[in-house]
Amino acid sequence: MEWLPWVVVFGTTGVLCLVVGFAIRGFRRTPRARARREVTWTHTGQALLRLDTAIEESDIELGLSGALYGGTAPRTLAAARAYAANARDDAFARYQQALDRKETHPGAVREARHVGDLANRALLKLENAQLEHQKWLTANADAPAQVAAARERLTEIVAGLGDPTALERDLAEQFDDAEWAPVKDANDALEKALTEAERAIARAEENVDKPAKSVMANLAAGEKYLRAAESASLAADQAHRGVIDASIAVASELSSMRADIAKGVALQKTVPADAAERVGEELDRALASVEKIEPRADREPTAVITEISRIRDRLDLALGNARTARDRIEGARNALPATMSTARRTIAHAEAVVMQGSSADARVRLTEANDALAASRSAEDAVAALDAVRRAIRHAEDAEALANYARGRRA
């Protein structure tokens, strides 16, 4: 029995380790511990957004100083901007990985903290370079030509836009309000951006004979709003085209959906009785949904096509293994155009919402949506492409929801 004391010692140690382990796990699950982890995620996300904004501002400042001084400005800001861009890309990638493991891996919050430190270091380096660059500009000010160029650029953009509300009127004559609401939202953003650009450029004109820092700040603000105006104009054009394309495609999508339901009815006869009943219920539901939305097709084409893609999703799930590989590929090919149209519209809408102000989480999900949409184009077959497009839709919807939540918290 000489071994008994050792058994007691090791057994006690093991029990203590288990107790400590469970205690640590329990502590991690306390509301206070969860709150501390959420603070870390919030701080990291804010650091990433600040870094991204600083890089955008540096791009504008570098472009303006290059036009003003013919590339003779110090390279300090350009080097810091390149370093910051690499750090941002790496940080967002690592943040995305940590975010995916947020609820399952205890080390995710530690990785998020490291990402925040990386972003803050890059931001500090970039801000110091911006200060040095502004000092150089103050000592080498000669901005009248660039102020005049900014005014000319604004004039050209306004002239090139023509009457943006013409797109709204074109759609309003044929479609329900909800169909052209994205066009109106984009035009509202366009009008606001042009107004702010006018104000910034006017301030630059007032300060043209004053220290360069004031002029550069105003010119940079003006250029930022001009770029926002161009983005909003593009968003309006894309939204308008999306509605027109949907109006052309909706009839064939409805016809294709009915054909898929008919094929499903034929497949129902080949599955076991209990599965056949479930398939039959989903087929009846799909047919009822098609008949319900069909009268809306002329006035709400994009909404109807979106609903068609959802009906297909439910039908695919219900049919499951009843389809042969060939049937699945053919079904995916039929579903792909409508689902792709829905994905593009959902991503475009999410981009517009995220652009107005969002969180790092929203930007990550939007990136994932675009990545999934891109992956669909190189997929091996229609089934894989359809899966990728559906992922893109889910990520875009998540991005929009996260952006709206972030704005709601700030309001």
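From a predicted model like this one, the values you see are computed outputs, not experimental measurements.

Trainee: How should I be thinking about the pattern of salt bridges in this particular structure?
Mentor: Two side chains bearing opposite charge may form a pair once their charged atoms approach each other closely. A full pass over the atoms with the stated rule returns 28 salt bridges. Note that R151 is salt-bridged to E205, the shortest N-O span being 3.0 Å. Placement of the pair is R151 in helix 5 (residues 144-161) and E205 in helix 7 (residues 177-206), with a sequence separation of 54 residues. Overall, the relative accessible area of 23% leaves R151 in the partly exposed class. The salt bridge involving E368 is made with R365; its shortest N-O contact spans 2.6 Å.

Trainee: When you look at a negative patch on the surface in this model, what are you seeing that I'm missing?
Mentor: Taken together, the side chains of D274, E277, E281 and D284 define an acidic patch exposed on the protein surface. Following the sequence through the fold, E281 ends up in helix 9 (residues 273-293).

Trainee: Would you mind showing me how to read helix 10 (residues 301-319) here?
Mentor: It helps to recall that an α-helix has 3.6 residues per turn; residues three or four apart then point in one direction. Spanning 19 residues, helix 10 covers 27 Å between terminal C-alpha atoms, matching the ideal 27 Å at 1.5 Å per step. Among the residues making up helix 10, those that are buried are P301, T302, V304, I305, T306, I308, S309, I311, R312, L315 and L319.

Trainee: Would you mind showing me how to read the side chain of T302 here?
Mentor: Position of T302 relative to the elements: it lies in helix 10. A relative accessible area of 6% places T302 in the buried class. Apart from residues lying up to four places away in sequence, T302 is in contact with E179, G242, V243, A246 and R345.

Trainee: Can you help me understand the nonpolar core in this one?
Mentor: Soluble globular proteins tend to bury their nonpolar side chains together. Formed by 27 residues in total, the largest nonpolar core has its most connected members in W41, L48, L51, Y95 and L126. Counting residues per element, the ones that place at least two in this core are helix 2 (31-69), helix 3 (76-100), helix 4 (108-139) and helix 12 (360-377). Residue contributions to this core peak at ten residues, all from helix 4. Apart from residues lying up to four places away in sequence, L51 is in contact with A84, R88, A119, A122 and L123.

Trainee: Just to check I follow, could you spell out the packing of aromatic side chains for this structure?
Mentor: We describe a pair of aromatic rings using the distance from one ring centre to the other and the angle between the two ring planes. Tallied over the entire structure, the rule returns one aromatic pair. Residues W41 and Y95 carry aromatic rings whose centres are separated by 5.5 Å and whose planes lie at 70° to one another, so their mutual orientation is edge-to-face. With W41 in helix 2 and Y95 in helix 3, this residue pair connects regions lying 54 residues apart in the sequence. Look at W41 and you get buried, because its relative accessible area is 5%. The class of Y95 is buried, set by a relative accessible area of 1%. A cation over an aromatic ring shows up here: K125 above the ring of Y83, its NZ or CZ 4.1 Å from the ring centre.

Trainee: Could you clarify how one ought to interpret the confidence of the model for the protein in this entry?
Mentor: For residues with low pLDDT, the predicted coordinates do not support detailed interpretation. Chain-level statistics for the protein give a pLDDT mean of 83 and a share of 87% at 70 or above. Ranking the helices and strands of the protein by mean pLDDT puts helix 7 first, with 93, and helix 1 (residues 4-28) last, with 48. Low confidence marks residues 19-28, where pLDDT is under 50. Its contacts with residues over four positions away, or in another chain, come to six contacts.

Trainee: Help me out: how do you make sense of the packing of helix 3 against helix 12 in this one?
Mentor: Following both chains from N to C, one finds helix 3 and helix 12 inclined at 95°, their axes separated by 10 Å at the closest point. By the angle class used here, helix 3 and helix 12 are roughly perpendicular. Contact with helix 3, carried on its side by F92, Y95, Q96, L99 and D100, involves A360, D361, R363, V364, R365 and E368 of helix 12 and no other residues of that element. Residues that form the contact of helix 3 with helix 12 fall into these classes: five nonpolar, one polar and five charged.

Trainee: Can you help me understand the packing of helix 3 against helix 4 in this one?
Mentor: A pair of packed helices can be characterised by two numbers: the angle between their axes and the separation between those axes. In the contact formed by helix 3 and helix 4, the axes pass within 9 Å of each other and the chain directions differ by 165°. Compared by their axis directions, helix 3 and helix 4 come out roughly antiparallel. Considering only the axes of helix 3 and helix 4, their crossing is left-handed. Broken down by class, the residue content of the contact of helix 3 with helix 4 amounts to 15 nonpolar, four polar and six charged.

Trainee: Whenever I open this one, helix 9 confuses me. Can you help?
Mentor: Over its 21 residues, helix 9 runs 30 Å from end to end, which matches the ideal 30 Å to within 8%, given 1.5 Å per residue. Along helix 9, the residues classified as buried are A275, A276, V279, G280, E282, L283, A286, S289, V290 and I293.

Trainee: For this particular structure, what's the right way to read the environment of A181?
Mentor: Tracing the sequence through the fold places A181 in helix 7. By relative accessible area, which is 29% here, A181 ends up partly exposed. Between the C-alpha atom of A181 and that of L171, which follows or precedes it by ten residues, the distance is 9.7 Å.

Trainee: Where do I start with the environment of E168 in this structure?
Mentor: The topology assignment puts E168 in helix 6 (residues 165-172). According to the relative accessible area criterion, E168 is buried, its value standing at 13%. Taking the C-alpha atoms as reference points, E168 and V183, 15 residues apart in sequence, are found 6.4 Å from one another. With near-sequence residues (within four places) excluded, E168 lies in contact with W180, V183, K184 and N187.

Scoring rules and cut-offs
Within each chain, residue numbers correspond to sequence positions counted from 1 in written order. Two thresholds apply to this predicted model, a pLDDT of at least 70 for residue-level local features and 80 or more for giving and counting side-chain atom pairs, whereas whole-chain, interface and lining totals are computed over all residues. Here the side-chain values reflect all heavy atoms present in the structure, with hydrogen atoms and water set aside. One speaks of a salt bridge when a side-chain nitrogen belonging to Lys or Arg is within 4 Å of a carboxyl oxygen belonging to Asp or Glu. Note on conventions: DSSP H or I runs of at least 4 residues are helices, E runs of at least 2 residues are strands, and numbering of each starts at the N terminus. Between buried and exposed lies partly exposed: a residue is buried under 20% and exposed over 50% of the maximum accessible area for its type, with that area taken using a 1.4 Å probe on protein chains only. Only residues whose relative accessible area exceeds 30% and that take part in no salt bridge are eligible for patches, with like-charged residues grouped when within 9 Å of each other and nonpolar side chains (Val, Leu, Ile, Met, Phe, Trp, Tyr) grouped when within 5 Å. Note on areas: Shrake-Rupley, 1.4 Å probe, and residue coverage restricted to the protein chains presented here. For the charge count, each Lys or Arg is scored as positive and each Asp or Glu as negative, with His and the chain ends excluded. One atom stands in for each charge, and that atom is NZ of Lys, CZ of Arg, CG of Asp or CD of Glu. In this scheme, a helix's expected span is set at 1.5 Å multiplied by one less than its residue total. Contacts: residue pairs with any heavy atoms within 4.5 Å of one another. Here the nonpolar core consists of buried residues drawn from Ala, Val, Leu, Ile, Met, Phe, Trp, Tyr and Cys, with membership extended through side-chain atoms lying within 4.5 Å. Here a Phe, Tyr or Trp ring, Trp counted by its six-membered ring, pairs with any other such ring whose centre lies within 6.5 Å, and the pair is stacked when the planes are under 30 degrees apart, edge-to-face when over 60, and tilted otherwise. Here, a charge over a ring means that NZ of Lys or CZ of Arg falls within 6 Å of the ring centre while also lying within 35 degrees of the ring normal. Per residue, pLDDT captures the predictor's confidence, and it can take any value from 0 to 100. Only the stretch in contact is used when a helix axis is fitted, and all axes are lines through C-alpha atoms; the angle between N-to-C directions ranges over 0 to 180 degrees. An angle below 35 degrees is treated as roughly parallel, one above 145 as roughly antiparallel, one from 65 to 115 as roughly perpendicular, and anything else as oblique. Following the grouping adopted for this structure description, the nonpolar residues are Ala, Val, Leu, Ile, Met, Phe, Trp, Tyr, Cys and Pro, the charged ones are Asp, Glu, Lys and Arg, and the polar ones are all others, Gly among them. Here a crossing is called left-handed whenever its near helix is offset anticlockwise from the far helix by less than a right angle, and right-handed whenever the offset is clockwise.

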